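# Chain and residue survey
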Amino acid sequence: MTETNQNTNTAVSSTFETAAPAAVNNGDKHIWGIYLALCFISLVELYSASSREVAASSFGVLGPIIRHVGMLIGGFVIMWVISRRHYREVIPMTILLAAVSSAMMLYVMKYGEIVNGARRSFSVLGIPFQPAEFIKLSSVLIVALLMSRTQKRKSIGVRDSGVVWSAVFIGLFCAMLLPQGLTNTLLLMSISLGMMVIGGTPWKRIILVVGIYAIFAGAFTAFKMKPGNDDADVDRTGTWKARIERFFDPTPKYEQPFTAENRQEMYAYMAQAHGGVVGVMPGNSRETSRLPLAFSDFIYSIIIEDLGLVGGIAVLIIYLWLLGRASSIATKCSRAYPALLVIGMAVMIVMQALFHMAIVTGVVPVSGQPLPLISKGGTSILVTSIAFGIMLSVSRFAVRTGSKKQIIREEINALPEELSSENPTQL
């Protein structure tokens with residue numbers, strides 16, 4: 001651990017010894033288009049899905065949308081500022097963000113506000129923060145840093161030390177996330193495994209990491225199920241068990257009675273059925289007034305009700321388009337660090353979107369997961385905007401035209417020596 005910290009500090013201290021190369025464009029147009037498209041969809045669908053909040057708003061019908069516009073504007077400003085900076089400036093912020101995120105998570109685990117049966121957030125000046133979102137971002141940054149520092153010099157792939165330390169950090173983050181909810185923990189594991197595969201980790205090591213994650217999760221669950229560990233305020237094992245049992249219930253959904261436990265999923269299914277193929281158009285949703293979390297954890301069901309199967313598929317394609325575009329940018333980077341950075345941010349966003357869609361459509365058991373940049377939520381919008389800013393920064397500074405030797409030389413000079421390994425995605 002000491003050696004790793006010393007090497008990381010060396011990388012951080014040498015980050016700004018040379019001037020960064022000038023940007024060659026204003027950022028990838030596809031990523032810009034995806035960001036703006038998601039913001040537009042967010043405004044339309046949040047307005048359609050916020051009828052439950054209208055009555056409580058002093059601004060009437062426009063109350064929820066005014067707050068959300070403010071959040072999107074703030075996110076856009078942060079995204080634009082980050083996109084103008086060289087991506088290497090993320091390096092010294094990685095350890096700091098991970099430490100701050102961990103501190104916030106530890107605080108929330110003990111003193112956080114209880115939301116839906118778990119301690120999830122805390123407020124500063126009336127503004128709620130959910131550290132779980134920052135933990136996801138920190139995980140991507142940590143894994144990108146470790147995997148790029150431990151690339152093999154004479155062959156394609158990552159050294160075992162990179163896999164081990166990545167798994168250790170993800171395990172620590174998961175230990176903090178699991179008391180909040182199982183979905184975020186599984187999401188974080190999936191994101192890390194995706195980055196390990198992209199970073200050149202052999203499949204035998206991937207299987208080993210999956211086994212370690214499974215043992216960790218099983219041990220934690222067994223501990224929580226022991227007598228005496230039944231803190232009703234924060235214990236989620238009973239909720240997980242009930243949701244899994246409902247998911248595997250062979251009784252058709254239309255024959256199951258409505259209960260306090262299943263009403264969200266039932267109304268979500270009804271919304272999707274009501275939307276049909278082409279939808280009822282925004283503003284005509286029937287279920288938004290009955291679905292408790294229509295504006296956040298179940299907003300995809302309102303999108304399908306408004307825009308139909310066609311609209312639901314279109315939103316799915318937008319997220320997959322982001323992943324495809326990030327992959328294209330990654331293959332054009334000559335060094336490992338920017339490649340892992342851009343693909344890691346895309347995997348984080350797209351994986352979360354896929355989790356949300358799978359939950360809402362009944363592919364997996366019900367849980368809470370916002371749809372990135374579309375669902376209401378200040379912390380989620382902030383973190384997603386930061387991720388988009390980093391992707392745009394990589395597209396501005398790492399994707400260059402001209403002589404291949406000159407491009408490689410410029411990128412090597414812009415990064416610390418420890419992060420100058422070749423890009424494994426170019427294989």
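Up top you'll find the structure we're talking about.
Below: a short report on this structure. Since the structure is predicted, the reported quantities are computational estimates derived from the model, not experimental observations. (Residues numbered from 1 in each chain as written. Predicted model: local features only at pLDDT ≥ 70, side-chain atom pairs only at ≥ 80, totals over all residues. Heavy atoms only, no water.)

### A word on the packing of helix α7 (residues 160–177) against helix α8 (residues 182–198)
Two numbers describe how α7 lies on α8: the axes approach to 9 Å, and their chain directions differ by 165°. Viewed along their axes, α7 and α8 adopt a mutual orientation that is roughly antiparallel. Seen from above, α7 lies across α8 with right-handed handedness. Contacts between α7 and α8 involve V163, S166, A167, I170, F173, C174 and L177 on the former and, on the latter, N184, T185, L188, M189, S192 and M196. Of the residues that constitute the contact of α7 with α8, the class distribution is nine nonpolar, four polar and no charged. (Axes fitted to C-alpha atoms, helices over the stretch in contact; angles between N-to-C directions. Helix = DSSP H or I, 4+ residues; strand = E, 2+ residues; numbered from the N terminus. Parallel < 35°, antiparallel > 145°, perpendicular 65-115°, else oblique. Left-handed = near helix turned anticlockwise from the far one by under 90°. Contact = heavy atoms within 4.5 Å. Nonpolar A, V, L, I, M, F, W, Y, C, P; charged D, E, K, R; others polar.)

### So, the pattern of salt bridges
Tallied over the entire structure, the rule returns eight salt bridges. Of the charged contacts, one joins E89 and R85 as a salt bridge, the two residues approaching to 3.0 Å between their closest N and O atoms. Two residues, D160 and R205, come together in a salt bridge whose shortest N-O distance is 2.9 Å. With D160 in helix α7 and R205 in helix α9 (residues 203–225), the pair connects residues that are 45 residues apart, well separated along the chain. Exposure remark for D160: the relative accessible area of 41% places this residue in the partly exposed category. Each of the salt bridges in this network shares a partner with another, and the network as a whole consists of R246, K253 and E265. (Salt bridge = Lys/Arg side-chain N within 4 Å of Asp/Glu carboxyl O. Buried < 20%, exposed > 50% of the residue type's maximum accessible area, 1.4 Å probe, protein only.)

### Thoughts on the packing of aromatic side chains
Remark: the centre distance and the inter-plane angle together describe each pair of aromatic rings, the angle taken between the planes. The tally for this structure, following the rule as stated, stands at seven aromatic pairs. Between Y35 and F76, the aromatic rings sit 6.3 Å apart at their centres with planes inclined by 45°, giving tilted as the arrangement. Of this pair, Y35 sits in helix α2 (residues 29–49) while F76 is found in helix α4 (residues 63–84), placing the two residues 41 residues apart along the sequence. Y35 sits in the buried class, given a relative accessible area of 1%. When the ring of F247 is compared with that of F248, the centres are 5.0 Å apart and the planes differ by 85°; the resulting orientation is edge-to-face. Relative accessible area serves as the criterion here: at 59%, F248 is assigned to the exposed category. Following the ring pairs from residue to residue traces out a cluster consisting of W32, Y35, F76 and F388. If you follow K376 out to its NZ or CZ, it ends over the ring of F295, 5.2 Å from the centre. (Phe/Tyr/Trp six-rings, centres within 6.5 Å; stacked < 30°, edge-to-face > 60°. Lys NZ or Arg CZ within 6 Å of the ring centre and 35° of its normal.)

### Section: the packing of helix α6 (residues 131–149) against α8
As a packed pair, α6 and α8 sit with axes 10 Å apart at the nearest point and diverge in direction by 20°. In terms of their interaxial angle, α6 and α8 are classed as roughly parallel. The chirality of how α6 crosses α8 is right-handed. Between α6 and α8, the residues in contact are A132, I135, K136, S139, V140, V143, A144 and M147 and N184, L187, L188, I191, M195 and M196, respectively. The class makeup of the residues in the contact of α6 with α8 is 11 nonpolar, two polar and one charged.

### So, the environment of L186
With respect to the helices, strands and loops of the structure, L186 is situated in helix α8. Accessibility expressed as a relative area gives 39% for L186, which makes it partly exposed. C-alpha separation for the pair L186 and C174, spaced 12 residues apart in sequence, amounts to 8.4 Å.

### Remarks on a nonpolar patch on the surface
Residues L36, V69, I73, F76, V77, W80 and V81 make up a contiguous nonpolar surface patch of roughly 600 Å² in combined accessible area. The leading source of residues in the nonpolar patch is α4, at six residues. Summarising the element assignment, V69 is placed in helix α4. (Patch = residues over 30% accessible without salt bridge, like charges linked within 9 Å, V, L, I, M, F, W, Y side chains within 5 Å. Areas by Shrake-Rupley, 256 points an atom, 1.4 Å probe, with all protein chains shown as cover.)

Interpretation in functional terms is not warranted from these geometric data alone.
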